[in-house]
Amino acid sequence: MGYVVTLVGRELPQSLPLHREYSTKRFRLLFTKGIFFYINYNIRLFLFLLFSKAEVIHANDLDTLPAVYAASLFKRSRIVYDSHEYFTEVPELVGRKLTQSVWKMLEGFIFPRLQNVITVNASIASIYEKKYNVPVEVIRNVPFLADTKRIMSEKKSRSDLGLPEDKKIIILQGAWINVDRGGEEAITMMKHLPGCLLLIVGGGDVYDDLKLLAQREGVHDAVRFFGRLPFTDLRQLTMNADLGISLDKGTNLNYLYSLPNKLFDYIHAGIPVIVSNMPEVASIVRNYDVGKVVQSHDPEVIAASVKDLLNNPELLLKYKKNCLFAREALCWETESNVLRKFY
C-alpha cells in the first residue's frame, strides 16, 4: 500500500534468520521470560518507538501494547491493536491470578481508549466489543494462495523427504504445541492405528515431554518429531500427509475460541482434517466440509475417527476436493482486502 514498514520484536538464541522485503529490528534482551522480560522488552520498545518516525504503530498482542500506547501519547501516532489471541485468558495466565490481574488491568485501562482494533475471529471480536464497547474488525491468519500453488508446483515426494510410502501419514503441526493442545492424545491414539505414522512439527512447552510419552506408550516408531521448520519445508511435509489434526481443548477461553493457523495450512495443502469441537475451528470444518469434528478427546475415539476416514477413499477424496475449493476463499489474497479497507 506504499507504507515504509519496520517489523520490531525480540531475538532469542534459537531465532531463525529473517529475510524480509522490509526492514526489521530485533532486541537482544537480558531476560527471556517472566515479569522481568516483559518489563525489559516494553522499556526497550518504548525507547525505540519514541525516537522512530511512525504514522501508525501496529501493536501485536497485549504484551506490546503498553509500550505502543505510551509512545503514541508522545508522538501522536495512530495505534492499530492487533490481538492474535484472547491474551488475558491464555493458560499461562489462568493459573496465576496476580499476574493475570495485572494484564487485565493494563488491558482494561488501554483498550477503551483505542479506536482501531483487529482480531483473528468473530468469537474473540464479540467478547471485546461487549466488554469495552469498541468496534473490532476480524482478519484471519490465512496463507497466500500464490505461495501454496508455488510450493505445490515444487512438491517433493515422500522418498525425497525420507517418509515411508507404505504408511498413512497424520500430521500435527504448530509453533507452540503446549499443554492441552492435543499432543498427548495424538501420541496415545497411535497405539490404535497400526500402519500409520504421526508427524509432530513445531515446538512448545511440552515438546520434549511428548518425546518421552511416545517412548512410554511404546509408539516411538510410529511418531516422528521435526522441531520448528521454515514455512516452505513445513508445507512440503504437510502436503505429503494424508490427514491433519487439530485437537485443542477448551480448558481455557483462549483455546476454546482459538482459530489456529494450522487449520488453514492443512486446507491449503489439500489434506482433510480431524478437529476437536472448538467453536471457531468446527465452524470452518463444517461450513467448508473439509473433515470431521470429534466430540471427545479420548484417544480411542479420535483413533476410531481417523481409521474411519482413512478407510473411506470416497469420503477422503471428497474432503480433499473441498479443501481445494475452500482455500480459494480462505487465502490472504481475499482476506487482505479487509485489512486494506481497515487501514
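Here goes a summary of the coordinates provided. (Residues numbered from 1 in each chain as written. Predicted model: local features only at pLDDT ≥ 70, side-chain atom pairs only at ≥ 80, totals over all residues. Heavy atoms only, no water.)

### Considerations on the overall build of the protein chain
Okay, step 1: Along the protein chain, the regular secondary structure elements total 16 helices and twelve strands.
Okay, step 2: A compact globule built from 343 residues should have a C-alpha radius of gyration of about 20 Å, and the protein chain, at 21 Å, falls within 12% of that.
Okay, step 3: Referenced to the eigenvectors of the C-alpha coordinate spread, the extents of the protein chain come out at roughly 60 × 40 × 40 Å.
Okay, step 4: Every one of the 343 residues in the protein chain was classed for burial, and the buried ones make up 47%. (Helix = DSSP H or I, 4+ residues; strand = E, 2+ residues; numbered from the N terminus. Rg over C-alpha atoms; globule rule 2.2 N^0.38 Å. Buried < 20%, exposed > 50% of the residue type's maximum accessible area, 1.4 Å probe, protein only.)

### Here we look at the sheet that holds strand S4 (residues 78-83)
The pairing of strands in a sheet comes from backbone hydrogen bonds and takes either a parallel or an antiparallel form.
Okay, step 1: Spatially, S3-S4-S5-S6 is the arrangement adopted by the four strands of the open sheet, whose pairing is parallel. Looking along the sheet, the strands with just one partner apiece sit at the ends: strand S3 (56-60) and strand S6 (136-138). Direction aside, the axes of adjacent strands within the sheet are offset by 25° on average.
Okay, step 2: As paired strands, S3 and S4 are joined by five bridges and run parallel to one another. Bridge pairing in S4 links Asn 60 to Asp 82. (Pairing = 2+ DSSP bridges. Axes fitted to C-alpha atoms, helices over the stretch in contact; angles between N-to-C directions.)

### Brief notes about the environment of Gly 227
Okay, step 1: Its location among the elements puts Gly 227 in strand S9 (residues 223-227).
Okay, step 2: Residues contacting Gly 227, with those up to four places away along its chain left out, are Ile 200, Val 201, Gly 202 and Tyr 207. (Contact = heavy atoms within 4.5 Å.)

### Observations regarding unusual backbone geometry
Okay, step 1: Even without a glycine there, the phi angle at Arg 76 is positive, about 60°.
Okay, step 2: For Arg 76, the location among the structural elements is in the loop between helix H2 (65-75) and S4.
Okay, step 3: Judged by its relative accessible area of 75%, Arg 76 is exposed.
Okay, step 4: For Asp 289, which is not glycine, the phi dihedral falls at a positive 55°.
Okay, step 5: Mapped onto the elements, Asp 289 comes out in the loop between helix H13 (279-288) and strand S12 (291-294).

### A word on the pattern of salt bridges
Okay, step 1: What the rule picks out here adds up to 13 salt bridges.
Okay, step 2: Taking the shortest distance from any N to any O, the salt bridge between Glu 328 and Lys 149 comes out at 3.7 Å. One end of the pair, Glu 328, is in helix H15 (residues 313-329); the other, Lys 149, is in helix H6 (residues 145-153), with 179 residues separating them in the sequence.
Okay, step 3: Its relative accessible area of 43% is what places Lys 149 among the partly exposed residues.
Okay, step 4: It is possible to trace a salt-bridge network through shared partners that takes in Asp 180, Glu 185 and Lys 249. (Salt bridge = Lys/Arg side-chain N within 4 Å of Asp/Glu carboxyl O.)

### Some details on the side chain of Ser 246
Okay, step 1: By the element assignment, Ser 246 lies in strand S10 (residues 243-246).
Okay, step 2: Residues within four places of Ser 246 in sequence aside, it is in contact with Pro 260, Lys 262, Tyr 266, Ile 274, Val 275 and Ser 276.

### Considering the state of the cysteines
Okay, step 1: Counted under the stated rule, the structure contains zero disulfides.
Okay, step 2: Its sulfur unpaired, Cys 196 is 18 Å from the next cysteine sulfur, which belongs to Cys 323.
Okay, step 3: With no disulfide of its own, Cys 323 lies 14 Å from the sulfur of Cys 331, the closest cysteine sulfur.
Okay, step 4: Cys 323 gets classed as buried once you look at its relative accessible area, which sits at 0%. (Disulfide = S-S within 2.5 Å.)

### Section: the sheet that holds S9
Okay, step 1: Judged by pairing direction, the sheet is parallel, and its six strands sit side by side in the order S9-S8-S7-S10-S11-S12 without closing on themselves. Of all the strands in the sheet, just S9 and S12 have a single pairing partner and so form its edges. If you compare each strand with its neighbour and ignore which way they point, the axes differ by 20° on average.
Okay, step 2: Here helix H14 (residues 299-310) sits on the sheet and contacts strand S7 (168-174), strand S8 (196-202), S10, strand S11 (273-276) and S12; the angle it forms with S12, its principal contact strand, is near 160°.

### Details of the environment of Asp 61
Okay, step 1: Within the secondary structure, Asp 61 sits in the loop between S3 and H2.
Okay, step 2: We classify Asp 61 as buried; its relative accessible area is 10%.
Okay, step 3: The spacing of Asp 61 and Tyr 86 is 25 residues in sequence and 8.9 Å in space, taken between C-alpha atoms.
Okay, step 4: Discounting chain neighbours no more than four positions away, the residues touching Asp 61 are Tyr 81, Asp 82, Ser 83, His 84, Glu 85 and Phe 87.
Okay, step 5: Here His 84 takes part through its backbone nitrogen, which lies 2.6 Å from a polar atom of the side chain of Asp 61. (Polar contact = N/O pair within 3.5 Å; in protein donor to acceptor, adjacent residues only side chain to side chain.)

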